[in-house]
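Here is how the chains run, residue by residue.
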Amino acid sequence: MEERYEIRGKIGQGGLGAVYRGYDTRMNREVAIKRISVSNEDPTLQEESTRQLIKEAGALASLQHPHIVTVYDVGSDEDGPYVVMELISGKTLDELIERAPLTWNDFRELALQTQEALIAAQELDLIHSDIKPSNLMLTWLPSGKFQVKIVDFGLATLTQSQSKEELEELEAVFGSIFFMAPEQFERVPIDARTDVYAMGCVYYQALAGKYPFNGETGHEVMTSHLHHKVTPLQEVRADIPVWVCDWIMWQLNRQPADRPESSRQALQVFLQNDKNPNPTMSLGRAAAPKAGPPRSRPPGGGGPAAPTRKVTDPRMAPPGHVPQPPPTESLVAQAASTPTAPQPLLPPEGSKPSVHTGPNLIPDAAPTATAVPTSPVNRTARAQASPTVRGTKSKKPVSKIKVIVALAMVVVIAVLGFMLFEKIKKSQASQRYNNILALAAKTDTTEIPMTGPELNQLLEIANNSSVDEKSENAIKALALAKSTDGANFDSILTEFFTKAVDILPEDRAAMIRNVLGKRMNAAMVAPLIEFARSTNDADSAVAAYEVIRPVASDSDFETILSVAQFTKTPAIRTAAEEVAAAILKMSKKRPELMDQLSKAIAGASNPEEKKLLQRIKGGK
C-alpha cells in the first residue's frame with residue numbers, strides 16, 4: 001500500500017473483506033480502507049480478478065453522489081487489492097431496524113434517498129448486486145436529519161463466485177441471501193432490476209421488521225425467493241399508505257420484466273402517489289378475497305406490478321378504475337403485526353434535537369377577555385359597585401365600523417408607501433444596471449465595480465436563453481465584475497454556473513467558457529472538476545475541463561487521469577486527456593507523475609486505455 005495511507009485500526013469484517021480506519025497523509029483526512037477478498041485460488045485468475053477490480057473500482061471513483069460512499073483511490077500490493085473510500089461515522093440500517101421497524105416518515109426519507117442513489121448508478125450502468133441493510137449506512141447531519149450512504153457499490157460483482165450449493169449455506173453470503181433476486185440464484189445475467197428487487201426486500205424488512213423471503217436454512221430461503229413465497233406487506237404492517245405496500249411489492253415481483261424497469265420509473269411512481277393528501281391506509285391484515293384474476297399493475301397503474309391492491313389516487317388510476325373510500329375503521333384500534341411498534345430514527349445521544357422531527361411549538365396567544373353575563377342582576381350589581389361620578393360624561397363605545405375603516409386606511413397607506421418605495425428602488429437599480437451594461441459595451445473596460453446584489457441581477461439577465469446585445473454585455477460584465485462589498489464573486493459565479501438547474505445546456509457551456517474562463521483562478525479548479533465528474537451534460541463538462549487546463553495543478557492530476565481512463569464519453573475523455581498532459585508538462589514533480597503514469601499503463605486492461613495513457617506520457 002502507498003506510504004500516503006496509514007492504518008489506524010480495524011473497523012470490521014464483511015462479506016467482501018476487512019475494513020480499516022486509515023489516514024490519508026497527502027490530503028490530511030481520515031479514510032476507510034477496504035481489503036478485498038478475492039476467492040480465486042489460481043494465481044493467474046486471482047491476478048486477472050485483481051486487475052479487473054482495480055479497473056472497475058477506478059470507474060466508481062467517477063460516481064459522485066451524496067447517497068453513495070465516495071471512492072478515493074484503488075490499488076494492489078503484496079496483500080492483495082484494496083479500495084480507499086470516504087469514512088462514514090454512523091450506523092447501518094440493519095442495526096437500526098433491529099430495534100424497531102421504521103415509521104412512515106422515516107421510511108419515506110429512506111426511500112427517496114436510496115432511489116436517488118440507484119438512479120445515479122444506473123445512469124452509469126453500474127450494478128451493486130449486493131444491496132442489503134448492512135450496506136446502507138445512516139449518518140446524521142447537524143440539523144438532525146439522517147443521510148443514507150450506500151457502501152460497496154459495484155464491488156460485490158467482482159468478488160462473488162459462489163456456486164448454487166455455496167449459496168444454500170446461509171453463512172456463506174453473510175446475510176445477502178435474504179435480499180438476492182431469483183436470477184442471482186439461477187446464475188443468469190443480471191441488470192438494474194436486480195438491485196430494484198434487493199432494495200424492495202430492504203424496504204419490506206424496514207417496515208415489517210422481518211424478511212420478505214425467509215427460511216430455517218439457506219436452501220429454504222432460496223426456495224422462498226424462487227417460488228415467490230411472500231406475504232403481502234399490507235397484511236403485515238398497518239398505519240402506512242396502501243400504495244406504498246403496492247409499490248414495494250411491485251419491486252418484489254418474481255420476474256424482472258414485472259418489476260420497475262429502473263429506479264427512475266420507481267421513483268416517479270412513488271412521487272406521483274405521494275401527492276395524494278388522503279391515502280387509504282393499510283390495516284395490517286389480509287383483505288377479503290375477491291373474484292377474478294389478481295391485478296398486476298404498479299401503484300398508480302403505470303405498468304406491471306405486484307397483484308395486491310387497487311390504486312388509491314384517482315389522478316393516476318387506470319381507465320375504468322373506481323376510487324375506493326378510505327377505511328372507516330379506526331386505525332388506533334388496529335395493532336400492526338410487526339414484532340415491535342415502529343419508532344422514529346433519532347440523532348445519536350448527545351446530539352442537538354432534530355429540527356426536522358421536533359415539535360413545532362406555537363407561542364401562547366394573549367389572554368382574551370372573558371364574556372360577562374348580561375342578565376339584569378349583573379347589570380345592577382355592576383352599577384352598585386361602580387357608581388357614575390357626577391359632573392362627568394360616560395364614554396361611549398367606539399363604533400366597530402369606524403375602527404375597521406381606520407385600520408383599512410392605515411393598510412392602504414402602508415401599501416401605497418411600500419409600492420412607491422419599491423418603484424423608486426427599482427428605478428435606481430435599473431439605472432445602475434444600464435450603467436453597468438454601458439461600461440461592459442466599451443472595448444477598453446478592464447473591470448466593473450459592483451455589489452453582490454448587482455451581481456445577482458446580472459446573473460438573472462445572463463440566464464435568459466435568448467442571446468442579444470444586452471445579454472452579451474451582461475455576460476461580459478460578469479467576466480469583468482469586481483466586488484465592492486467583500487462578496488466572493490468567483491465562488492458565487494462558479495456555484496451558479498455549475499448548480500443552477502434552469503440553465504440550458506448550451507448556455508451553461510458558453511457561460512463557463514466566457515465568464516469563468518476569463519476569471520479563472522486556482523480556487524475554481526476543484527468545484528469545476530467536481531461538476532464535470534458528476535454532470536450528465538457532456539458539453540458543459542468539456543467546457544469545464546477546457547477552462548481549468550491552464551491552472552490545474554499536480555494535486556489534480558490523479559483525479560483527471562482517472563476521468564480520462566474510465567469515462568465512457570469520447571469528448572470528455574479527450575478533454576481530460578488534454579488537461580492531464582498539460583499538468584504533466586508544467587509540473588515541478590514530473591518524475592513522480594511519470595511514475596504514476598507508468599503504473600497505470602502497466603495495469604491497463606485494454607489497448608485503447610494503454611494508448612491513451614501513453615499519449616499523455618508522451619505529451620501528445
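Residues numbered from 1 in each chain as written. Predicted model: local features only at pLDDT ≥ 70, side-chain atom pairs only at ≥ 80, totals over all residues. Heavy atoms only, no water.

Q: What should I look at first to understand the overall build of the protein in this one?
A: Helix and strand counts for the protein stand at 22 helices and 12 strands. Counting every position in the protein, which comprises 620 residues, the buried fraction comes to 45%. Here the analysis covers contacts within the protein between residues at least 6 apart in sequence; of these, 66% occur between residues at least 24 apart. (Helix = DSSP H or I, 4+ residues; strand = E, 2+ residues; numbered from the N terminus. Buried < 20%, exposed > 50% of the residue type's maximum accessible area, 1.4 Å probe, protein only. Contact = heavy atoms within 4.5 Å.)

Q: Got a minute to help me understand the packing of helix α19 (residues 557-566) against helix α20 (residues 570-586) in this structure?
A: A pair of packed helices is characterised by two quantities: the angle between their axes and the separation of those axes. Orientation of α19 relative to α20, taken along the N-to-C sense of each, is 150°, at an axis distance of 8 Å. Judged on the interaxial angle alone, α20 and α19 are roughly antiparallel. Once α19 is placed against α20, the crossing between them reads as left-handed. Here F557, I560, V563 and A564 of α19 come into contact with α20, specifically with I572, R573, A576, E577, V579, A580, I583 and L584. (Axes fitted to C-alpha atoms, helices over the stretch in contact; angles between N-to-C directions. Parallel < 35°, antiparallel > 145°, perpendicular 65-115°, else oblique. Left-handed = near helix turned anticlockwise from the far one by under 90°.)

Q: Quick question: what am I supposed to make of the pairing of strand β3 (residues 29-36) here?
A: In summary, the side chains of a regular strand alternate between the two faces of the sheet. Taking burial as the measure, the 8 residues of β3 include 6 buried ones, the bulk of the element. Pairing of strand β2 (residues 17-24) with β3 involves 8 bridges; the strand directions are antiparallel. Bridging across to β3, R21 finds its partner in A32. Of the strand pairs in this sheet, β3 and strand β5 (residues 80-86) are connected by 5 bridges, and their pairing is antiparallel. Directly across from I33, in β5, lies its bridge partner V84. (Pairing = 2+ DSSP bridges.)

Q: Looking at this structure, how should I read the environment of D246?
A: Secondary-structure assignment places D246 in helix α9 (residues 242-251). Judged by relative accessible area, D246 falls into the buried class, the value being 2%. Distance in space between the C-alpha atoms of D246 and P232 is 8.4 Å, their sequence separation being 14 residues.

Q: Sorry, what's going on with unusual backbone geometry here?
A: Despite not being glycine, R187 shows a phi value in the positive range, around 55°. Of note, R187 is situated in the loop between α6 (182-185) and α7 (192-208). Here R187 falls in the partly exposed class, since its relative accessible area comes to 46%. In the Ramachandran plot, H228 falls in the positive-phi region, its phi being about 55° despite a non-glycine side chain. Mapped onto the elements, H228 comes out in the loop between α8 (218-226) and β9 (238-241).

Q: Just to check I follow, could you spell out helix α15 (residues 489-499) for this structure?
A: Along an α-helix, residues three or four positions apart point the same way, because every turn accommodates 3.6 residues. Among the residues making up α15, those that are buried are F489, D490, L493, T494, F497 and T498. What you see down the axis of α15 is that its buried residues fit within an arc of 140°, all on one side. (Arc of directions from axis to C-beta.)

Q: Even after reading the chapter, I still don't get the packing of aromatic side chains, so can you show me in this structure?
A: Each pair of aromatic rings is reported with the distance of its centres and the angle of its planes. Going through the model one piece at a time under the given rule, you end up with 11 aromatic pairs. Measuring from ring centre to ring centre gives 6.4 Å for W104 and F107, while their planes differ by 35°; the resulting arrangement is tilted. Of the two residues, W104 and F107 both sit in helix α3 (residues 104-123), 3 residues apart, roughly one turn of that helix. Comparing W104 with F107 shows no difference in burial state: the two are buried. When the ring of F496 is compared with that of F497, the centres are 5.5 Å apart and the planes differ by 75°; the resulting orientation is edge-to-face. (Phe/Tyr/Trp six-rings, centres within 6.5 Å; stacked < 30°, edge-to-face > 60°.)

Q: What is the right way to look at the sheet that holds strand β8 (residues 146-150) in this model?
A: Sheet strands associate in pairs through backbone hydrogen bonding, adopting either a parallel or an antiparallel arrangement. Strand order in the open sheet formed by 3 strands is β6-β7-β8, and the pairing between neighbours is antiparallel. Bordering the open sheet on either side are β6 (91-92) and β8, each of which pairs with just one other strand. Bridging between β6 and strand β7 (residues 136-140) involves 2 bridges; their strand directions are antiparallel. Paired with T92 across the two strands is M137, which belongs to β7. Those strands touched by α3 are β7 and β8, and its axis lies near 40° from that of β8.

Q: What is the right way to look at the environment of E447 in this model?
A: Take E447: it is sitting in the loop between α12 (400-441) and β11 (448-450). Ignoring sequence-local partners within four residues, the contact set of E447 consists of L480 and K482.

Q: Looking at this model, I keep getting lost on the packing of α3 against α9. Mind explaining?
A: Viewed as axis vectors pointing N to C, α3 and α9 meet at an angle of 40°, and their least axial separation amounts to 13 Å. Viewed along their axes, α3 and α9 form a crossing whose handedness is left-handed. Residues W104, F107, A111 and Q115 of α3 touch α9, and the partners they reach there are W243, V244, W247, I248 and Q251. The class makeup of the residues in the contact of α3 with α9 is 7 nonpolar, 2 polar and no charged. (Nonpolar A, V, L, I, M, F, W, Y, C, P; charged D, E, K, R; others polar.)

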